[in-house]
Amino acid sequence: MLAFLIDIRLDAMHLGPAQAVYTTLAVFILIWATDTAAYLVGSTIGRHEFAPGVSPSKTVEGAIGGVVGALLVGVALELSIVSFIGRVEVLGLALLCSLATQGGDLYASLLKRRARVKDSGSILPGHGGLLDRFDGAIVASPVAYFYLLAIGVLSRS
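Since the model is a prediction, treat every value here as computed from it, not as a measurement.

Conventions and cut-offs
- Residues numbered from 1 in each chain as written.
- Predicted model: local features only at pLDDT ≥ 70, side-chain atom pairs only at ≥ 80, totals over all residues.
- Heavy atoms only, no water.
- Helix = DSSP H or I, 4+ residues; strand = E, 2+ residues; numbered from the N terminus.
- Buried < 20%, exposed > 50% of the residue type's maximum accessible area, 1.4 Å probe, protein only.
- Contact = heavy atoms within 4.5 Å.
- Areas by Shrake-Rupley, 256 points an atom, 1.4 Å probe, with all protein chains shown as cover.
- Core = buried A, V, L, I, M, F, W, Y, C linked by side-chain atoms within 4.5 Å.
- Phe/Tyr/Trp six-rings, centres within 6.5 Å; stacked < 30°, edge-to-face > 60°.
- Patch = residues over 30% accessible without salt bridge, like charges linked within 9 Å, V, L, I, M, F, W, Y side chains within 5 Å.
- Salt bridge = Lys/Arg side-chain N within 4 Å of Asp/Glu carboxyl O.
- Expected span 1.5 Å × (residues − 1).

**A look at the overall build of the protein chain**
Counting secondary structure elements, the protein chain contains five helices and two strands. If you list the helices and strands of the protein chain from N to C, you get α-α-β-β-α-α-α. Taken across its 157 residues, the protein chain has 42% of its residues classed as buried. Residue pairs in contact within the protein chain that sit at least 24 positions apart in sequence constitute 63% of those at least 6 positions apart. Counting every atom, the protein chain has about 8400 Å² of accessible surface; 67% of that belongs to carbon and sulfur.

Right, dumping it as structure tokens:
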């Protein structure tokens, strides 16, 4: 699934080498913005559990914060490195990346809960394991690819 990030870069090359890199980077930034905003909002003002049976620390406020954070970062991206895409399309990308990122995070939590483990590994202590660094990207990458393809940013060659 992460290979879709390579496909984004390759299928955006018709826009130019720099734009291909910026498009791929924008997807990463939106994933990171979602994770960061969800964590910050959820840990500071989160009160309502989002999916207590799957991940008790996730809150509705955090989930909303993740989406809002991604949308705000999407505007910043459109004003800077991906102005060639268009604001409405970038906001669509931000929304889809945010929802997919949070879905991937919840799914990874569900897998860990079913396996009865707290962390997916010990390579990154305190971070829930290596899977927690990529769970959102695993789901968001193909979602971003197909969205960018649908809106004509990517061109399969």
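**Some points on the nonpolar core**
Of all hydrophobic cores here, the largest spans 26 residues; its most connected members are Ile8, Val27, Leu93, Leu148 and Leu154. Among the secondary structure elements, those contributing two or more residues to this core are α1 (3–11), α2 (17–45), α3 (60–79), α4 (87–115) and α5 (131–150). Among the elements that make up this core, the one with the highest residue count is α5 (six residues).

**Concerning the packing of aromatic side chains**
Scanning the model with the defined rule gives four aromatic pairs in all. Here a set of aromatic residues connected by ring pairs shows up, and it is made of Phe4, Tyr145 and Phe146.

**Re a nonpolar patch on the surface**
A cluster of nonpolar side chains, contributed by Leu15, Val21, Tyr22, Leu25, Trp32 and Phe84, occupies part of the molecular surface with about 500 Å² of accessible area. Mapped onto the secondary structure, Trp32 falls in helix α2.

**Quick look at α3**
Its 20 residues give α3 an end-to-end C-alpha distance of 29 Å, which sits within 8% of 28 Å, the value for a rise of 1.5 Å per residue. Within the span of α3, buried status applies to Glu61, Gly62, Ala63, Gly65, Gly66, Val67, Gly69, Ala70, Gly74, Leu77 and Glu78. Against α2, β1 (49–51), β2 (55–59) and α4 lie the buried residues of α3.

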